[in-house]
2 protein chains.
Amino acid sequence: MRTVAIAGVGLIGGSFALALREAGFAGEIWGVSSPRTVEAAVRRGAVDRGATLEEAVEGADLIYLAQPISKILEAIPKLAGAREGALVTDAGSTKGRICRAAREHIRRAQFLGGHPMAGKEARGVEAAEAGLFRGRTYFVTPREVSELETPVAREFVEWVRKIGANVVPIAPGAHDHLVARTSHLPQMISTALAVALSESLGGAAKAGAGPGLMDMSRLAMSAWEIWADIVETNSGEIGGALDMYMKALEEVRERLRTGNLRDPFEIGAIFAKSLRDK
Amino acid sequence: MRTVAIAGVGLIGGSFALALREAGFAGEIWGVSSPRTVEAAVRRGAVDRGATLEEAVEGADLIYLAQPISKILEAIPKLAGAREGALVTDAGSTKGRICRAAREHIRRAQFLGGHPMAGKEARGVEAAEAGLFRGRTYFVTPREVSELETPVAREFVEWVRKIGANVVPIAPGAHDHLVARTSHLPQMISTALAVALSESLGGAAKAGAGPGLMDMSRLAMSAWEIWADIVETNSGEIGGALDMYMKALEEVRERLRTGNLRDPFEIGAIFAKSLRDK
């Protein structure tokens, strides 16, 4: 793996480039982005130079798609010519639709979906950092385990480990089921809470807002532009997660009526603490 | 106000004592707690000495009840003898039941309910700090506004301002309605999320747990012992808040089906940001 092309040099793409450098990657890194972004990325030391997607298709050993999901879906059909022995991967936060599109269009190069569970509130290459993936889950989503055994997939996974991430292989559908519950459901819950309080209390809420409400309303500040793609490509699983959650909430409601909330509190506390175990 | 008796010298009671001292209170502060707690509170510089509740009834100008709600409800009938011109207040996080009990039992001294929206994860006088109330809402809950105009109430409110809190007067019932939505509802939502994920994913959730789920599951770690009293004394309002929230969640569910989630995301973001405005 000598030449890496990163399409979308924002927070994730820029951080991946910086992390590769820090981990000792000695090849070239190209940025496929707008001229302004490429300039910022070069200044930041993330990429060596800009390139077009066509140049990446011809010359890169690894094409790393770090755009929003809808842009990844637009890019995939243009990667049909990526050469045999090259690897195409992505960092989109839903995987079913992307992996299906890749199977249809990318036949010469290998495609291996990915999803780093990393991020922060600030966006753009200015916010990129080499340590962004350290200690975080990095899902890779082969359709069959054998896809992880090709030389180029092994090399890519080895680099993901070197940048400090915990590589977790999972099938695309299982990935979307899991993150619908651990990531997309919390977002919907927070948004619904903010809407409910906005409508029922409005500005009066502020006097009663303690640290708990601050935690629970933080996700509600997320940008719709990012979530539009996620909702569009994972609505079935998100719907299932919401149905499941509404049942749990109804049980809490019922137990409030019967004065029997100790069990959910104790089960919930054990689970929440287990998420924090090292 | 020369002598203050604090019943329950834990995080809140201890912090109130330290804050009074820092704000220049020059009188005596007594701690009404177990001998072990009083010893720790004296060592911490929060109180001058221990006292019994009977001594407080006889000698204190301000009796500050900072125990759990159920203990406050047990203490109130013992305060019937508190003298005219003295003030009894409390820091319980629900107010209706406590204010009703106080009206029944405390007739010579004045009772003025209170609820500082302050706290942190650590508990006990060891965690107490003078700055705990700074910048936080401190509800005071008179039944009628005129209760704030007695000399002793004015003096108490002045001290609460001096320790840096934002004094917000609100009727007891309105308080319980408000915090059911801004505090108790977020707790129920977080607990229900933790229970739902515990049951549906168990240990598999951890790989998919990003910062969002960490925010949304933090409250689920709360101790049931604290919440038992809150639920017991505010179940009607909490039930109403849950019903309202479930409607908002159903609307999110429906809009997911029809591909129309932009509005709730944008309204939710505006509201969540408004909670953070200075």
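Coordinates for the structure precede this section.
Keep in mind that this is a model prediction, so the values were computed, not measured. (Residues numbered from 1 in each chain as written. Chains lettered and ligands numbered in written order. Predicted model: local features only at pLDDT ≥ 70, side-chain atom pairs only at ≥ 80, totals over all residues. Heavy atoms only, no water.)

A. Highlighting the overall build of chain A. Each helix and strand in chain A was counted, giving 10 helices and 8 strands. By the compact-globule yardstick of 19 Å for 278 residues, chain A fits well, its C-alpha radius of gyration being 21 Å. Projected onto its principal axes, the C-alpha positions of chain A cover 65 × 40 × 35 Å. Relative to its full complement of 278 residues, chain A shows a buried share of 57%. The long-range fraction of contacts in chain A, counting pairs at least 24 apart against all pairs at least 6 apart in sequence, stands at 70%. A distance of 3 Å separates the average location of the 34 positive side-chain charges in chain A from that of its 34 negative side-chain charges. (Helix = DSSP H or I, 4+ residues; strand = E, 2+ residues; numbered from the N terminus. Rg over C-alpha atoms; globule rule 2.2 N^0.38 Å. Buried < 20%, exposed > 50% of the residue type's maximum accessible area, 1.4 Å probe, protein only. Contact = heavy atoms within 4.5 Å. Lys, Arg positive; Asp, Glu negative; His and termini not counted. Charge placed at Lys NZ, Arg CZ, Asp CG, Glu CD.)

B. View of the pattern of salt bridges. Residue and element names in this part refer to chain A. Summed over all chains, the structure comprises 31 salt bridges over all chains. The partner of Glu-39 in a salt bridge is Arg-43, and the shortest N-O contact between them spans 3.4 Å. A residue pair is termed a helical-turn pair when its members lie 3 or 4 positions apart in one helix, as Glu-39 and Arg-43 do in helix 2 (residues 35–43) at 4 residues. This pair shows no difference in class: Glu-39 is exposed, exactly as Arg-43 is. We note a salt bridge from Arg-49 to Glu-55, for which the minimum N-O separation is 4.0 Å. Classification of Arg-49 as partly exposed rests on a relative accessible area of 33%. (Salt bridge = Lys/Arg side-chain N within 4 Å of Asp/Glu carboxyl O.)

C. Expanded view of the environment of Arg-255 of chain A. All names here are of chain A. For Arg-255, the location among the structural elements is in helix 9 (residues 224–258). Accessibility expressed as a relative area gives 18% for Arg-255, which makes it buried. Between the C-alpha atom of Arg-255 and that of Gly-135, which follows or precedes it by 120 residues, the distance is 38 Å.

D. How the structure looks around the sheet that holds strand 5 (residues 87–90) of chain A. All names here are of chain A. The sheet built from 8 strands is open, its strands ordered 3-2-1-4-5-6-7-8 with mixed pairing. The open sheet has two edge strands with one neighbour each: strand 3 (49–50) and strand 8 (166–169). In this sheet, strand 5 lies alongside strand 4 (residues 62–65) in parallel orientation, the contact comprising 4 bridges. For Leu-62, the partnering residue across the bridge sits in strand 5 and is Leu-87. Sheet contacts for helix 7 (residues 172–200): strand 6 (110–116) and strand 7 (137–141); angle to strand 7, the most-contacted strand, approximately 145 degrees. (Pairing = 2+ DSSP bridges. Axes fitted to C-alpha atoms, helices over the stretch in contact; angles between N-to-C directions.)

E. Seen up close, the packing of helix 7 of chain A against helix 10 (residues 262–276) of chain B. Remark: helix 7 of chain A packs on helix 10 of chain B, axes separated minimally by 8 Å, with the N-to-C direction vectors making an angle of 70 degrees. In terms of orientation, helix 7 of chain A lies roughly perpendicular with respect to helix 10 of chain B. In this structure, the crossing between helix 7 of chain A and helix 10 of chain B has a hand that is left-handed. In contact with Gln-187, Met-188, Thr-191, Ala-194, Val-195, Leu-197 and Ser-198 of chain A of helix 7 of chain A, helix 10 of chain B contributes Pro-264, Phe-265, Ile-267, Gly-268 and Phe-271 of chain B. (Parallel < 35°, antiparallel > 145°, perpendicular 65-115°, else oblique. Left-handed = near helix turned anticlockwise from the far one by under 90°.)

F. View of the sheet that holds strand 4 (residues 62–65) of chain B. All names here are of chain B. Taken in spatial order, the 8 strands of this open sheet run 3-2-1-4-5-6-7-8, and their pairing is mixed. Of all strands in the sheet, those with a lone pairing partner are strand 3 (49–50) and strand 8 (166–169), marking the two edges. As paired strands, strand 1 (residues 3–7) and strand 2 (residues 28–32) are joined by 5 bridges and run parallel to one another. Note on strand 2: the bridge partner recorded for Val-4 is Ile-29.

G. Looking closely at the interface of chain B and chain A. Facing the 77 residues of chain B at the interface are 76 residues of chain A. Of the roughly 7200 Å² buried between chain B and chain A, counting both surfaces, carbon and sulfur atoms make up 76%. Looking only at chain B, the three residues that lose the most surface to chain A are Trp-224, Phe-265 and Phe-271 of chain B, adding up to 11% of its buried area. Counting every contact that joins chain B to chain A gives 4 salt bridges. (Buried area = accessible area lost by both parts, 1.4 Å probe.)

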